[in-house]
Amino acid sequence: MPDALVIRPLTGPEELGLFLRLTYTLDDELADDLATGRRVPRWMWVALRGERLVGRLSWWTHKAGGEPFTLDFFDLDPELPEEERADIGLRLLETATAAVIPAGTRRPEFGRFLPADWREVPETRARLETLFGVLERSGARPLVERLRLEWLPGTPVAGPTGRLAFRPVRDREDLVGLMTSVMEGTLDAHGQADLASGLTPREAAEQHYDEELAEYASPRDWWRVAELPGSGEPVGFVVPARNNYHHTIAYIGVLPAHRGHGYIDDVLAEGTRVLAAAGVPRIRAATDLGNVPMAAAFARAGYVAFQHAVNHVWDAPGASPS
């Protein structure tokens, strides 16, 4: 008779080794996340049969003291039969969520990094589809699949073309105003979801700024606004930054009135030049798989897709499994 299933949070950082008995690409970040408070043991849950780890999950937040921001670990023992794996996954997810996420509040988004060829490898695809099935049984729906991109030193960087002039971002209002404008006609699934939720373009821009961009400790004078030479009319912007883990093109946009003229190449090149001049070891970026124009711009600038990422969301508070 198999051991009874035990589902519980970690008792403390000293149990990190237990959590690491299953593997995922972000495992090497866990120790530092715990040390800095971006992750806490009570958000890190395991499912055990005796001494065997059969499932694990964890939430993450931007900085110590924050609320759970995203569910970014969810792994199940690949050696288990599919039906048993799915059952354990659902029990783990629902038990942990009930204990960590206050009743009546919307669950944090789920995000996972995937091999770029995950659909072409039958074993990988089957395991991931089991995991996604568990999420959907819990009331989640797929939001978007994204390309994860990387630029490495030695890759050519385009020089200025003279079509645009660049200046630093002056202040919060300077950037939020431009972010509000680029929400019009956005192809970004998260931006579209913000608008569909009832947020105005301004509210969505403010939320993005305050919850993400304002948290970066990297220099604000890296941030750039692109303008037409002479008139000073804004065309777009780029936010080169360093998040908790990597240097990144955190946000980039071209205003609706100036789309279709290839300005995105100039704006992206400027952001890349800023970080390249700082001597960074790599630049990371991401864009939705369906945002073909942005993906093409990154490719032209020498960014290579090294992974995909998927996001699932729970639309309603208290969504329950089917």
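Everything below is about the structure shown above.
The sections below set out a description of the structure shown in this document.

**Concerning the pattern of salt bridges**
The tally for this structure, following the rule as stated, stands at 31 salt bridges. With its nearest N and O atoms 2.4 Å apart, the salt bridge here joins Arg127 to Glu123. Of this pair, Arg127 and Glu123 are both found in helix α4 (residues 122-137), four residues apart, which corresponds to roughly one turn of the helix. Measuring nitrogen to oxygen at the nearest pair gives 3.4 Å for the salt bridge that ties Glu150 to Arg282. Of this pair, Glu150 sits in strand β6 (residues 141-151) while Arg282 sits in the loop between α8 (263-277) and β11 (283-288), placing them 132 residues apart in sequence. For Arg282, a relative accessible area of 29% gives the class partly exposed. It is possible to trace a salt-bridge network through shared partners that takes in Asp32, Asp33, Arg38, Arg39 and Asp72.

**Some thoughts on helix α9 (residues 292-300)**
All of the buried residues in α9 are Met294, Ala295, Ala297 and Phe298. The arc enclosing the buried residues of α9, seen along the axis, measures out at 160°, which places them on a common side. Among the exposed residues of α9, those oriented more than 90 degrees off its buried face are Val292, Pro293 and Arg300. Packed against the buried residues of α9 are β6, β10 (247-254), α8 and β11. Positive phi shows up at Gly302, right after α9, with a value of about 90°.

**Structural notes on the environment of Phe73**
On the secondary structure map, Phe73 appears in strand β4 (residues 70-76). Between the alpha carbons of Phe73 and Glu51 there is a distance of 20 Å; along the sequence they are 22 residues apart. Ignoring sequence-local partners within four residues, the contact set of Phe73 consists of Phe19, Tyr24, Leu26, Asp27, Leu30, Arg39, Arg56, Leu57 and Ser58.

**Looking at the packing of aromatic side chains**
Taken as a whole and judged by the stated rule, the model has seven aromatic pairs. The interplanar angle of 85° and the centroid separation of 5.1 Å between the aromatic rings of Tyr24 and Phe73 together place this pair among those described as edge-to-face. Here Tyr24, found in the loop between α1 (16-19) and α2 (30-36), pairs with Phe73, found in strand β4; they are 49 residues apart in sequence, far enough to count as distant. Measuring from ring centre to ring centre gives 6.1 Å for Tyr209 and Trp223, while their planes differ by 85°; the resulting arrangement is edge-to-face. Placement of Tyr209 in helix α7 (residues 201-211) and of Trp223 in the loop between α7 and β8 (224-227) is noted, with a sequence separation of 14 residues between them. Look at Trp223 and you get buried, because its relative accessible area is 2%. Among the aromatic side chains, those forming a connected cluster through ring pairs are Phe19, Tyr24 and Phe73.

Rules used in this analysis
- Residues numbered from 1 in each chain as written.
- Predicted model: local features only at pLDDT ≥ 70, side-chain atom pairs only at ≥ 80, totals over all residues.
- Heavy atoms only, no water.
- Salt bridge = Lys/Arg side-chain N within 4 Å of Asp/Glu carboxyl O.
- Helix = DSSP H or I, 4+ residues; strand = E, 2+ residues; numbered from the N terminus.
- Buried < 20%, exposed > 50% of the residue type's maximum accessible area, 1.4 Å probe, protein only.
- Arc of directions from axis to C-beta.
- Contact = heavy atoms within 4.5 Å.
- Phe/Tyr/Trp six-rings, centres within 6.5 Å; stacked < 30°, edge-to-face > 60°.

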